Amino acid sequence: MLYRFNLIEGFDIVSGGDGIDLPNNAAARAYAIAAARSIIADDVLCGTLVLSHSIEITAEDGAQLMIMPFADAIAIDRPSTI
């Protein structure tokens, strides 16, 4: 199945291009997580961490299948307080 991935930044949606053929929704979600982590890593290298963005996953016909928030792509390990 052909999946398309769109970056959602606030109210702006950036088209993800032609899409990619993947076997199922689980593979599409894994692809979106990897993409989000890559974007997050680039942002952190520039000194910013933005977790409010999302990746919208759509079918070939444009039907929305799921939204994967950046915050769901990482685990945050916070220091404990004494």
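Data block above holds the structure.
All of the points below concern the structure found in this document. (Residues numbered from 1 in each chain as written. Predicted model: local features only at pLDDT ≥ 70, side-chain atom pairs only at ≥ 80, totals over all residues. Heavy atoms only, no water.)

## Describing the overall build of the chain
What counts, and what does not: Helix and strand labels come from DSSP, where a helix needs a run of H or I of at least four residues and a strand needs a run of E of at least two; each type is numbered from the N terminus. Only heavy atoms enter the contact rule, under which two residues are in contact if any of them lie within 4.5 Å.
Secondary structure assignment for the chain yields one helix and five strands. Start at the N end of the chain and walk to the C end: the helices and strands fall as β-β-β-α-β-β. Projected onto its principal axes, the C-alpha coordinates of the chain cover approximately 50 × 25 × 20 Å. Within the chain, contacts between residues at least 6 apart in sequence are counted, and of these 48% link residues at least 24 apart.

## Structural notes on the environment of alanine 28
Keep this limit in mind: Buried, partly exposed and exposed residues are distinguished by accessible area as a fraction of the type maximum, computed with a 1.4 Å probe on protein chains only: under 20%, between the cut-offs, and over 50%, respectively.
Inspection of the secondary structure puts alanine 28 in helix 1 (residues 25-45). For alanine 28, a relative accessible area of 0% translates into the label buried. The spacing of alanine 28 and alanine 63 is 35 residues in sequence and 14 Å in space, taken between C-alpha atoms. Excluding residues that lie within four positions of it along the chain, alanine 28 makes contacts with Tyr3, Phe5, Leu22 and Ile57.

## As for the side chain of histidine 53
Within the element layout of this structure, histidine 53 appears in the loop between helix 1 and strand 4 (54-59). If near-sequence neighbours (up to four positions away) are discounted, histidine 53 is found in contact with Leu7, Ile8, Glu9, Gly10, Pro69 and Phe70.

## Description of the nonpolar core
Filter applied, for reference: Buried residues of nine kinds, namely Ala, Val, Leu, Ile, Met, Phe, Trp, Tyr and Cys, make up a nonpolar core once their side-chain atoms join them within 4.5 Å.
Core analysis: the largest hydrophobic core is formed by 14 residues, its most contacted members being Phe5 and Ile55. Residue assignment for this core shows that the elements contributing at least two residues are strand 1 (2-9), helix 1 and strand 4. Sorting elements by how many residues they give to this core places helix 1 first, with five residues. If sequence neighbours within four positions are ignored, phenylalanine 5 has contacts with Ser15, Gly16, Ile20, Leu22, Ala28, Tyr31, Ala32, Ile55, Glu56 and Ile57.

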